[in-house]
2 protein chains.
Amino acid sequence: MYKRVGIIGGMGPAATCDLMMKIIEMTEAACDQEHIHVLVDSNVNIPDRTAALLSGGEDPVPEMLASARRLESIGADFLILPCNTAHCFLPRLEGQVSIPFLSMPVETAALLKRKGVKTAAVLATDGTVKSGLYEKALAAEGIKAIYPDEEQQKQVMSLIYDYIKKGITDPAVLPHDMIVTIVGDLKRRGAEALLLACTELPLAFDITGIDDDTCVDPTRVLAAAAIREAGAKLRTDVIL
Amino acid sequence: MYKRVGIIGGMGPAATCDLMMKIIEMTEAACDQEHIHVLVDSNVNIPDRTAALLSGGEDPVPEMLASARRLESIGADFLILPCNTAHCFLPRLEGQVSIPFLSMPVETAALLKRKGVKTAAVLATDGTVKSGLYEKALAAEGIKAIYPDEEQQKQVMSLIYDYIKKGITDPAVLPHDMIVTIVGDLKRRGAEALLLACTELPLAFDITGIDDDTCVDPTRVLAAAAIREAGAKLRTDVIL
């Protein structure tokens, strides 16, 4: 019997489904019963994480904790959060429930270390960037974090908030050349890996066709970690 | 505050995500916090429903009931099942928890009646077909049910069990021509609506590009019913 995964979801709801689908697609399973048991609280009442970090918005921790306790009460063995920015609040959640959390930045940094990466670029929301969330996790593995410059960071935020979060996903409309320029600059500056560290970014990169071996999707890394932690096996054709 | 939806999932896991995505996509919401709160128990330990109905397989009711009770215990206001065949067991679940269920066949039959449909083809697992689940719900609304012939029913089962449930979703590998032939035959026999009455089928039809106005996806109908029951609004551009 595999361990039960608890997902504190709703941040946003679509990213929650995306993580669930990645867990399903990456699990070695020939029938329903060989998949892992996933418990999900898609708690849309969790206040906006970036607003709480940067502009005095409502604290999301009480609602996140309520979800964690609900999932624990129905038998979750460990918890995961399909929202990069939400991980800034993880230190305040750990210890409040008796089950452990897997961390998306920690798992991602561990993967990059195994791949021998020395410098990684972090593409994320202003909240995630300013919190130093990925920088700290990467530093713990001896990996240097670099970021887009100030103007490019504004473009990354625009890509997330003005396009993907508004449902604008037409390849002809998305700012393809802007993304290519940012990616090119980061690689010239030494990035061996590009962390798409906001759940909206893998979608934008996928749609515009800019998704090479250098890109790392932390949601995929978290899905693989959850499968491993549950005790199940990754499909043999999955490459991280 | 909207009501909380509880989803008894894992039958299969991908169909569970599909229902969740449909609820998200069909809800009128401008930010995460305007979506509905969804609680999901993707309980892959629920034994195969078709095997229980047709070949003396293990009874799925105890596990389904365990999921229902877990979801009730963490605040679900009503329950839905993203598995058509599982609805054969609904009479044994109702009354065992204090919250109500929405029924996919009942909601679907009501929609078809509103649309003036007189004859509907049911594409489903052997278990759903032999139980007469849809036939009874349709008959209650004065609608005649027709089915694929014996050979084609075997092909439908193969599409469900040998492809989608095994995670084989490559459009180049799915049996496109077989599906086209079955659909054509059913329309020639008078079907005004094709009920894709196994949650794996809309995935298969979508991937292969065979999804016209005649196709009715009971999962979509259930998503709309859940949004209504929760007290939220359907997006104005959603056509059922």
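Rules of the game
Residues numbered from 1 in each chain as written. Chains lettered and ligands numbered in written order. Predicted model: local features only at pLDDT ≥ 70, side-chain atom pairs only at ≥ 80, totals over all residues. Heavy atoms only, no water. Helix = DSSP H or I, 4+ residues; strand = E, 2+ residues; numbered from the N terminus. Rg over C-alpha atoms; globule rule 2.2 N^0.38 Å. Buried < 20%, exposed > 50% of the residue type's maximum accessible area, 1.4 Å probe, protein only. Contact = heavy atoms within 4.5 Å. Areas by Shrake-Rupley, 256 points an atom, 1.4 Å probe, with all protein chains shown as cover. Lys, Arg positive; Asp, Glu negative; His and termini not counted. Charge placed at Lys NZ, Arg CZ, Asp CG, Glu CD. Buried area = accessible area lost by both parts, 1.4 Å probe. Polar contact = N/O pair within 3.5 Å; in protein donor to acceptor, adjacent residues only side chain to side chain. Nonpolar A, V, L, I, M, F, W, Y, C, P; charged D, E, K, R; others polar. Pairing = 2+ DSSP bridges. Domains from an automatic or database assignment. Salt bridge = Lys/Arg side-chain N within 4 Å of Asp/Glu carboxyl O. Axes fitted to C-alpha atoms, helices over the stretch in contact; angles between N-to-C directions. Parallel < 35°, antiparallel > 145°, perpendicular 65-115°, else oblique. Left-handed = near helix turned anticlockwise from the far one by under 90°.

**Observations regarding the overall build of chain A**
Part 1: In terms of regular secondary structure, chain A is built from 11 helices and seven strands.
Part 2: The C-alpha atoms of chain A give a radius of gyration of 17 Å, which matches the 18 Å a tight globule of 240 residues would have.
Part 3: Dimensions along the principal axes, computed over C-alpha positions, put chain A at roughly 45 × 45 × 40 Å.
Part 4: Out of the 240 residues in chain A, the part that is buried amounts to 58%.
Part 5: Of all intrachain contacts in chain A linking residues separated by at least 6 positions in sequence, the fraction that spans at least 24 positions is 74%.
Part 6: For chain A, the accessible area works out to roughly 9700 Å², and carbon and sulfur atoms hold 51% of it.
Part 7: Of the side chains in chain A, 24 bear a positive and 33 a negative charge, and the two mean positions are spaced by 5 Å.

**Some details on the side chain of B:Thr214**
Part 1: Along the chain, the position of B:Thr214 falls in the loop between helix 10 (201-208) and strand 7 (215-216).
Part 2: Here B:Thr214 is in contact with B:Lys187, B:Ala191, B:Glu192, B:Ala193 and B:Leu194, once residues within four sequence places are set aside.

**Some remarks on the interface of chain B and chain A**
Part 1: Each partner contributes to the interface: chain B provides 33 residues, whereas chain A provides 34 residues.
Part 2: The contact between chain B and chain A buries some 2800 Å² in all, and 58% of this surface belongs to carbon and sulfur atoms.
Part 3: At the junction of chain B with chain A, the criterion picks out 11 residue pairs in polar contact (both at pLDDT 80 or more).
Part 4: Sorting the residues of the side of chain B that touches chain A by element identifies helix 1 (13-26), strand 2 (38-42) and helix 3 (61-73) of chain B as the ones contributing at least two each.
Part 5: With six residues, the top contributor of residues to the side of chain B that touches chain A is helix 1 of chain B.
Part 6: The residue makeup of the side of chain B that touches chain A, split by class, is 16 nonpolar, nine polar and eight charged.
Part 7: Pairing of strand 2 (residues 38-42) of chain A with strand 2 of chain B involves five bridges; the strand directions are antiparallel. Note on strand 2 of chain B: the bridge partner recorded for A:Val38 is B:Ser42.

**A short note on the domain arrangement of chain A**
Residues and elements named next belong to chain A.
Part 1: Examined at the domain level, chain A breaks down into domain 1 (5-102 + 220-230) and domain 2 (105-217).
Part 2: Computed from C-alpha coordinates alone, the two centres of domain 1 and domain 2 are separated by 21 Å.
Part 3: Counting residues at the interface gives 15 residues for domain 1, matched by 18 residues for domain 2.
Part 4: Interface area lost by domain 1 to domain 2 is led by Leu54, Asn84 and Val221, which between them contribute 42%.
Part 5: Summed over the shared surface of domain 1 and domain 2, the number is two salt bridges.
Part 6: The residue Lys22 makes a salt bridge to Asp217 at a minimum N-O spacing of 2.9 Å.

**What to know about the sheet that holds strand 4 (residues 119-123) of chain A**
Residues and elements named next belong to chain A.
Part 1: With parallel pairing, four strands are arranged side by side in an open sheet as 5-4-6-7. Unpaired on one side and paired on the other, strand 5 (144-146) and strand 7 (215-216) mark the two borders of the sheet.
Part 2: Here strand 6 (residues 193-196) runs beside strand 7; their pairing, made up of two bridges, is parallel. Looking at strand 7, one finds that Leu195 is bridged to Val216.

**Some thoughts on the packing of helix 8 (residues 150-163) of chain A against helix 9 (residues 176-188) of chain A**
Residue and element names in this part refer to chain A.
Part 1: The interhelical angle for the contact between helix 8 and helix 9, taken along N-to-C directions, is 135°, at an axis separation of 11 Å. When the axis of helix 8 is compared with that of helix 9, the two are oblique. Considering how the two elements wind past one another, helix 8 and helix 9 form a crossing that is left-handed. Every residue of helix 9 that contacts helix 8 at Gln152, Gln155, Val156 and Leu159 is listed here: Met178, Ile179, Thr181, Ile182 and Asp185.
Part 2: Of the residues belonging to the contact of helix 8 with helix 9, the class tally is five nonpolar, three polar and one charged.

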